[in-house]
Amino acid sequence: MTDLRTPKKGRKEKSFYIKTFGCQMNYHDTERMSALMVEQGYTEARSAESADTVIFNTCSIRDKAHHKGVSGLGHFRRVKRENPKIKLGFAGCVAQHDGERVLKSFPFLNFVLGTDNIDVLPEILYRVDQGESPVMAVGFDPSQDYSIETKIIPGKKQAFVNIMKGCDNFCTYCIVPFTRGREKSRRVEEVVADVENLLKQGVNEVMLLGQNVNSYGKSLGGKKAGQTFARLLRELEAMADRLDADGITDPEGKKSKEGKGGKESKPKGLLRLRYTTSNPKDFDESMMEAHRDLRRLVPHLHLPVQSGSPDVLRKMKRYQPIQTYIEKVLRLRELVPGIAISSDMIVGFPTETEADFEMTMDLIEKIRFEGIYAYAYSERPGTKAVELGDTVPEETKKARLHMLQHRQGQIQAEDNCRYQGQVVEVLVEGNSKMDPNILSGRTPHWKIVNFSYGDSISEPNKMISEIAPVKITQTSAFALRGELIEGSK
Ligand code: SF4
């Protein structure tokens, strides 16, 4: 059998470029594809035009993202004509759901790769190299088990770790159960070993991914089998504590274990543990207690509510009474004072009235979210909501979206004032997009902070992926400005 993972000596170096659309799950799939291609001896190109292999990793969660992914391919009709050797692949949710049809419109594609087939990418590339084209891989894995090993580009400090895939909820507006299949979880023990391996490679921030992480473990027997999300979080924290204490991720760990320190000392290896995303109906007391108890778990929760109207939520099949949602938020804030809560919102869902929309406006006043991702409803063919018709005029959707975003922006601007003059811990991500002379990163509460540093910092890039103490000097709705505390580095 051909060893697809070992690049042959003397083989001409090949390059790849992946254009990604959509959610974090898609960005993670891109990372996985990139790591697999690097293993095959490919290098990452700076642009699609300069690469030998280009992959479009598409998203179909919203109409706009779906069209962006497909229309982007149009441009490559000409590129392929001018350079017939370029290999073009189409991946992601649109490929999974609509691959056959896309191939008919774009017959120059070399391969189509569904969401459940990422790991066969090396084999597909090999088959294309051997002259087979197009290659289709859009089936769903029929086995019950879900077992993978996380792939990262060597040297990366942040890792996305899939703990489950698919979703069983079938919210009426959502295409995900059709593009990513039914829910399957990886075992707690497997995820813990996987993350341990990442921490030993130097990773310091882990984002656990799933469509509904709060129902993690259900496919493995759930509570009875000890396979729950709260347990997974606790096991990850215990493992990270052990690595610190054994001096594997914290050179001082061994000493502090013998003396004081230990649990009271600051986390070293795994600095931040995050997860996304949650369905509020499955977010329970065990999760709240995990947020209270675990020091590596960040004080931020994305808990998408989608609407403030009980009638709209019923039609969306989001089975969580709005009062229960509010009570959960209040209880969590009692256990974890200051925790940041964000949400997704859809406006203009079929049959949404002015009164329904007012309830959404009312909810953002009550909760005062730290941030929201708000969208105007768009029909996704194949979903149940299509049967209700797209009843809210586009103009009305636009006006409601504007009103919601405007008021939410005011709330954020008001609430962010509390950071003025405070010192916050920023995990540095890189240079600010607005100004290459300042650095940018996030607080544990997921706030973006752009900050300047003094002349004493000659190599600011060395601060990337490190924690920097920053004094906040200016606040706004969407970001904070600050200055690095002198002498901290
Ligand atoms: S829980 Fe999330 S992923 Fe699952 S169907 Fe609902 S919106 Fe889609």
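Right above here is the structure, for reference.
Residues numbered from 1 in each chain as written. Predicted model: local features only at pLDDT ≥ 70, side-chain atom pairs only at ≥ 80, totals over all residues. Heavy atoms only, no water.

Undergrad: I would appreciate a short explanation of the sheet that holds strand β11 (residues 272–276) in the present structure.
TA: Sheet strands line up and pair through hydrogen bonds in the backbone, either parallel or antiparallel. As summarised here, the arrangement of the three strands in space is β7-β10-β11, forming an open sheet in which the pairing is parallel. Of all the strands in the sheet, just β7 (158–162) and β11 have a single pairing partner and so form its edges. Strand-to-strand twist in this sheet, taken as the mean axis angle between neighbours without regard to direction, amounts to 20°. When strand β10 (residues 205–209) meets β11, the two strands line up parallel, connected through five bridges. Within the sheet, the bridge partner assigned to Glu 205 lies in β11 and is Arg 272. The strands touched by helix α1 (residues 24–39) within the sheet are β7, β10 and β11, with β7 carrying the most contacts at an inclination of about 105°. (Pairing = 2+ DSSP bridges. Helix = DSSP H or I, 4+ residues; strand = E, 2+ residues; numbered from the N terminus. Axes fitted to C-alpha atoms, helices over the stretch in contact; angles between N-to-C directions. Contact = heavy atoms within 4.5 Å.)

Undergrad: Sorry, what's going on with the site of the ligand here?
TA: Every residue close to the ligand is listed here: Cys 167, Asn 169, Phe 170, Cys 171, Tyr 173, Cys 174, Val 176, Pro 177, Gln 211, Asn 279 and Arg 318. Considering only residue class, the shell around the ligand consists of seven nonpolar, three polar and one charged. (Near = heavy atom within 4 Å. Nonpolar A, V, L, I, M, F, W, Y, C, P; charged D, E, K, R; others polar.)

Undergrad: Please explain the environment of Glu 370 as it appears in this structure.
TA: Note on placement: Glu 370 falls in the loop between α12 (354–367) and β14 (371–376). C-alpha of Glu 370 to C-alpha of Glu 289: the two residues are 81 residues apart in sequence and 21 Å apart in space. In contact with Glu 370, other than residues within four places in its own chain, are Ala 340, Ile 341, Gln 408, Gln 412, Asn 416, Arg 418, Tyr 419 and Lys 447. Polar contacts involving the side chain of Glu 370 include one to the side chain of Arg 418, which spans 2.9 Å. Within polar-contact distance, the side chain of Glu 370 engages the side chain of Lys 447 at 3.3 Å. (Polar contact = N/O pair within 3.5 Å; in protein donor to acceptor, adjacent residues only side chain to side chain.)

Undergrad: So what exactly am I meant to see when it comes to the packing of α12 against helix α13 (residues 394–416) here?
TA: Two packed helices can be described by the angle between their axes and the distance between those axes. In the contact formed by α12 and α13, the axes pass within 10 Å of each other and the chain directions differ by 15°. Relative to α13, α12 is oriented roughly parallel. The element α12 and its partner α13 pack so that their crossing is right-handed. Contacts between α12 and α13 involve Glu 354, Phe 357, Thr 360, Met 361, Ile 364 and Glu 365 from the former and Arg 400, Met 403, Leu 404, Arg 407, Gln 408 and Ile 411 from the latter. By residue class, the composition of the contact of α12 with α13 is six nonpolar, two polar and four charged. (Parallel < 35°, antiparallel > 145°, perpendicular 65-115°, else oblique. Left-handed = near helix turned anticlockwise from the far one by under 90°.)

Undergrad: Hey, could you run me through the packing of aromatic side chains in this one?
TA: For any pair of aromatic rings, the description rests on two quantities: the centre-to-centre distance and the angle between the ring planes. Taken as a whole, this structure holds eight aromatic pairs when the rule is applied. Between Phe 349 and Tyr 377, the ring centres sit 5.3 Å apart and the planes meet at 70°, which makes this aromatic pair edge-to-face. Here the residue Phe 349 occupies a position in the loop between β13 (340–347) and α12, and Tyr 377 occupies one in the loop between β14 and α13, the gap between them amounting to 28 residues. With respect to burial, Phe 349 and Tyr 377 carry one shared label: buried. Among the aromatic side chains, those forming a connected cluster through ring pairs are Tyr 173, Phe 349 and Tyr 377. Directly above the ring of Phe 21 sits Lys 19, whose terminal nitrogen or CZ lies 5.7 Å from the centroid. Here Arg 442 stacks its cationic end above the ring of Trp 446, 4.0 Å away from the centre of that ring. (Phe/Tyr/Trp six-rings, centres within 6.5 Å; stacked < 30°, edge-to-face > 60°. Buried < 20%, exposed > 50% of the residue type's maximum accessible area, 1.4 Å probe, protein only. Lys NZ or Arg CZ within 6 Å of the ring centre and 35° of its normal.)

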